[in-house]
Amino acid sequence: MTADQLAVLCRRLADTADAVRTSPEIRARAESISDRVRGGATPCELADEFDALEEMLLRAGHAAGLSPVRSYERLPGGGDGHRVLEVLACPGGTCPRVEAPGTVPVDCLVHRQPMAMTRLGS
């Protein structure tokens, strides 16, 4: 999984608004991983570092962490680690896409229906 986590980290580093770039503590860990990869370390050798970065992201309310199967964009209202209790999800249940609820409806263009309000469980 760490190769996938490296791909997600790379995408997150490209987003100037992402916590991987804007949070000093998280950015320092991300840059340490990047430096070590450039120095020749393999993603597998950095498994503990990826786990630590994942934990930091989750504690900061970034529910996707470094998962390659979930959106890494932070949901508004995630704040300081408290869960978002409701999200908009795929109306057909066929993909893991979620969006933050807001005043503007969000449509699923695959199913051509509005995204469905879903309550998150613990």
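Presented here is an overview of the structure given in this document. In this text the structure is predicted, and so the values were computed from the model without any measurement. (Residues numbered from 1 in each chain as written. Predicted model: local features only at pLDDT ≥ 70, side-chain atom pairs only at ≥ 80, totals over all residues. Heavy atoms only, no water.)

The subject of this paragraph is helix α1 (residues 2-14). Compared with an ideal rise of 1.5 Å per residue, which puts 13 residues at 18 Å, α1 spans 18 Å between its outermost C-alpha atoms and is within 8% of the ideal. For α1, the complete set of buried residues consists of Thr2, Gln5, Val8, Leu9 and Arg12. On an axial view of α1, the arc spanned by its buried residues comes to 110°, and they lie on one face. In α1, those exposed residues whose orientation departs by more than 90 degrees from the buried face are Ala3, Cys10 and Ala14. The secondary structure elements touched by the buried residues of α1 are α2 (19-22), α3 (24-38) and α4 (47-59). (Helix = DSSP H or I, 4+ residues; strand = E, 2+ residues; numbered from the N terminus. Expected span 1.5 Å × (residues − 1). Buried < 20%, exposed > 50% of the residue type's maximum accessible area, 1.4 Å probe, protein only. Arc of directions from axis to C-beta. Contact = heavy atoms within 4.5 Å.)

Below, the discussion takes up the nonpolar core. By size, the foremost hydrophobic cluster in this structure holds 14 residues, and its most contacted members are Leu9, Ile26, Leu53 and Leu66. For this core, the secondary structure elements donating two or more residues are α1, α2, α3 and α4. Among the elements that take part in this core, α4 stands out by supplying four residues, more than any other. Sequence-distant contacts of Ile26, defined by excluding residues within four places in its chain, comprise Ala19, Val20, Leu53, Met56, Leu57 and Ala60. (Core = buried A, V, L, I, M, F, W, Y, C linked by side-chain atoms within 4.5 Å.)

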